[in-house]
Amino acid sequence: MKHQRLVIMIEISLMAALSIILSYVQFGALWAMGGSISLIMIPIFVIAFRRGWKAGALTGFIVGLLQLFTGATIVHPVQLVLEYPVAYTVLGTAGLFVTSRSFAKGVPYVSIVIGVLAAALLRFIDHFASGVIWFGAYAGDMPVVLYSAVYNASYLIPEVLITIVIIVLLAKYSPAFFRAPKTL
Amino acid sequence: MFEHVIIGQYLPGRSILHRMDARAKLASVFFLIAAIFLTNSWTGYAVLGGAAAVIYLSSGVPFRYIRKGMAPIFLLVLFTFFIHALFTREGDVLLSLGAFQFYEDGVIQGLFIALRLLLLVFLTSLLTLTTSPIELTDAMEQFLSPLNRFRFPAHDVAMMMSIAIRFIPTLMQETEKIIKAQTARGADFSKGSLKDRAQAFVALLVPLFVRSFKRAEDLAYAMEARGYNSGAERTKLRQLIWKTRDTAACVLIVVLVAALFLLRE
């Protein structure tokens, strides 16, 4: 039991490290406007499906802090909290949709896709709110709500689509990744 | 793929700012951010600008690194400045260019906001340029330790962050090796349809995850064999040492913030 806990903790560390590395891997350059498309979310989803939502949320939290500590762009205190730790922590909720029992009858593709979509929606809401708050603080009466929604959707939608394709392929080829005991 | 990638922007050095305690730096940046948002007068910004210049001079960081950190927000600064300068129609007209009119109040407001953004990014980049992620993690662990009472595992989180920081270079090498191996087998990461590229990335991710999970298991055994026990009281390999100059710096910052508070209009 204790050994299992330590293994999970180290898996969380290594997945967080992989997230940071994969954030530098650009998937094509089709949407090259500001917010870039990266594979940063994949390790967080893998651990959330493998070890449950708490492990996923913790991995996301660590990814956000690591980004802050390795040099993030900080333009507002609220943005600091929302765009870094919170934005990735909420991705852990994907783990709520898939349990070890979900794998009893084959790979639960539908639950996996719904989990990724729900978690990504939370991340969108978070970035959206952060955009409205800090951009609102700087830009006065501009249509900040519309701007924040369009800007954040412009990179999150393609990123989420690519993440879903890759996660589904991973589940198809290596379902064993997601079948570990979910305890933390 | 990773030839030109440097993760993190920490610049090792021996300057005063480098040798300050990470906790003192983290607390100072926190107070300075608050100060930036409190300031609303020219005198206030002049004082803050002077303080930022002094902090910069004590860091020994070449200016090009700062410029690199500020590049992503440069457009944003210009954009917010012009929005304020063009859309705030109060005060006297300073300049009239065809359909565009720059009013005095708008220009002043735009300048304040541009300064605010620049100072924020300047000070936070100086922190990450002169403090290694591992020092920041140790400092954060101590700031979060009061949360232990609410069952937030501050020590465990800090340990996981240290392991992640330690393994970023190792896993990056591994990623590079697998990319080369899969490229040799015909995988193409940058061309082809969406589906082909996704397949190529799966061929990279599967071995990467397999090896990471294996490594996690091995590392857990190695730590247990050396008596690691997360619940026990632990001593530290890297000690943060608080010196008189850290207290002095913090006092100076508090005095500065208090002065800025009094300079508010």
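Residues numbered from 1 in each chain as written. Chains lettered and ligands numbered in written order. Predicted model: local features only at pLDDT ≥ 70, side-chain atom pairs only at ≥ 80, totals over all residues. Heavy atoms only, no water.

Per an unreviewed UniProt entry, chain B carries the name Energy-coupling factor transporter transmembrane protein EcfT and comes from Sinobaca qinghaiensis. Quoted verbatim from the Function (unreviewed entry) field of the UniProt record, the comment on chain B reads "Transmembrane (T) component of an energy-coupling factor (ECF) ABC-transporter complex. Unlike classic ABC transporters this ECF transporter provides the energy necessary to transport a number of different substrates." UniProt lists a comment for chain B under the heading Subcellular location (unreviewed entry), and it reads "Cell membrane". (UniProt positions renumbered as here; feature names shortened; annotations may be inferred.)

As recorded by an unreviewed UniProt entry, chain A carries the name Thiamine transporter and is attributed to Sinobaca qinghaiensis.

**Student:** It is not clear to me how the overall build of chain B should be interpreted in this structure. Could you clarify?
**Tutor:** Within chain B one finds 9 helices and 2 strands. Its C-alpha atoms give chain B a radius of gyration of 24 Å, clearly above 18 Å, the size a compact globule of 265 residues would have. Seen along its three principal axes, the alpha-carbon backbone of chain B occupies a region of about 70 × 55 × 35 Å. Within chain B, the proportion of its 265 residues that are buried is 45%. Considering only residue pairs separated by 6 or more positions, chain B has 71% of its internal contacts joining residues 24 or more positions apart. Counting every atom, chain B has about 14500 Å² of accessible surface; 64% of that belongs to carbon and sulfur. Both charge centroids of chain B, one from 28 positive and one from 20 negative side chains, sit 7 Å from each other. (Helix = DSSP H or I, 4+ residues; strand = E, 2+ residues; numbered from the N terminus. Rg over C-alpha atoms; globule rule 2.2 N^0.38 Å. Buried < 20%, exposed > 50% of the residue type's maximum accessible area, 1.4 Å probe, protein only. Contact = heavy atoms within 4.5 Å. Areas by Shrake-Rupley, 256 points an atom, 1.4 Å probe, with all protein chains shown as cover. Lys, Arg positive; Asp, Glu negative; His and termini not counted. Charge placed at Lys NZ, Arg CZ, Asp CG, Glu CD.)

**Student:** Before we go on, may I ask you to explain the UniProt feature "transmembrane region" (unreviewed entry) in chain A in this structure?
**Tutor:** All names here are of chain A. With numbering aligned to this structure, UniProt lists the feature "transmembrane region" (unreviewed entry) at residues 7–25, 31–49, 56–75, 81–99, 106–125 and 145–171. Note that residues 7–25 is 84% helix and 0% strand, and that its end C-alpha atoms are spaced 27 Å apart. As annotated, residues 106–125 comprises 85% helix and 0% strand, and the C-alpha atoms at either end are separated by 32 Å.

**Student:** In this structure, what is going on with the UniProt feature "transmembrane region" (unreviewed entry) in chain B? I would like to understand it.
**Tutor:** Residues and elements named next belong to chain B. According to UniProt, the positions carrying the feature "transmembrane region" (unreviewed entry) are residues 29–57, 69–87, 107–130 and 246–263. Across residues 29–57, helical content stands at 90% and strand content at 0%; the span's end C-alpha atoms are separated by 16 Å. The span residues 69–87 carries 100% helix and 0% strand; its end-to-end C-alpha distance comes to 29 Å.

**Student:** Help me understand helix H4 (residues 63–87) of chain B, please; the structure alone is not making it clear to me.
**Tutor:** In an α-helix, one turn spans 3.6 residues; hence positions three or four apart end up facing the same way. In this model, H4(B) (25 residues) spans 34 Å end to end at C-alpha, consistent with the 36 Å of a helix rising 1.5 Å per residue. Within H4(B) the residues assigned to the buried category are Ile66(B), Gly69(B), Met70(B), Ile73(B), Val77(B), Thr80(B), Phe81(B), Ile83(B), His84(B), Ala85(B) and Leu86(B). (Expected span 1.5 Å × (residues − 1).)

**Student:** Sorry if this is basic, but what is going on with the packing of helix H6 (residues 144–173) of chain A against helix H8 (residues 194–225) of chain B here?
**Tutor:** Pairs of packed helices are described in terms of their axes, by the angle between the two and the distance that separates them. Direction vectors running N to C along H6(A) and H8(B) enclose 55 degrees, while the axes themselves pass 9 Å from each other. Between H6(A) and H8(B), the angle falls in the class oblique. Crossing geometry of H6(A) relative to H8(B) is assigned as right-handed. Residues Ile162(A), Val165(A), Ile166(A), Leu169(A), Leu170(A) and Tyr173(A) of H6(A) lie in contact with H8(B), whose contacting residues are Leu194(B), Ala198(B), Gln199(B), Phe201(B), Val202(B), Leu205(B), Val206(B) and Phe209(B). Taken together, the residues of the contact of H6(A) with H8(B) sort by class into 13 nonpolar, 1 polar and no charged. (Axes fitted to C-alpha atoms, helices over the stretch in contact; angles between N-to-C directions. Parallel < 35°, antiparallel > 145°, perpendicular 65-115°, else oblique. Left-handed = near helix turned anticlockwise from the far one by under 90°. Nonpolar A, V, L, I, M, F, W, Y, C, P; charged D, E, K, R; others polar.)

**Student:** Mind showing me how you'd approach a positive patch on the surface here?
**Tutor:** Residue and element names in this part refer to chain B. Among the surface-exposed residues, Arg14, Arg19, Lys243 and Arg245 lie close enough to one another that they form a single positively charged patch. Note on placement: Arg14 falls in the segment before helix H1 (16–19). For Arg14, a relative accessible area of 64% gives the class exposed. (Patch = residues over 30% accessible without salt bridge, like charges linked within 9 Å, V, L, I, M, F, W, Y side chains within 5 Å. Salt bridge = Lys/Arg side-chain N within 4 Å of Asp/Glu carboxyl O.)

**Student:** Even after reading the chapter, I still don't get a negative patch on the surface, so can you show me in this structure?
**Tutor:** Residues Glu90(B), Asp92(B), Glu104(B) and Asp105(B) make up a contiguous surface patch of negative charge. Inspection of the secondary structure puts Glu90(B) in the loop between H4 and strand S1 (93–97).

**Student:** What exactly am I supposed to notice about the side chain of His127(A) here?
**Tutor:** Residue and element names in this part refer to chain A. Relative to the assigned elements, His127 resides in helix H5 (residues 109–139). His127 sits in the buried class, given a relative accessible area of 4%. The residues contacting His127, other than those within four sequence positions of it, are Glu83, Ala87, Ser148, Asn152, Tyr155 and Leu156.

**Student:** What am I meant to see in the nonpolar core here?
**Tutor:** Note that soluble globular proteins tend to have their nonpolar side chains buried in a common cluster. Of all hydrophobic cores here, the largest spans 135 residues; its most connected members are Ile42(A), Phe45(A), Phe49(A), Ile166(A), Leu170(A) and Phe209(B). Of the residues that make up this core, three or more belong to each of domain 1 (1–153 + 240–265) and domain 2 (168–229) of chain B. Phe81(B), Leu86(B), Phe102(B) and Val107(B) belong to the second-largest nonpolar core, a separate cluster that totals 5 residues. (Core = buried A, V, L, I, M, F, W, Y, C linked by side-chain atoms within 4.5 Å. Domains from an automatic or database assignment.)

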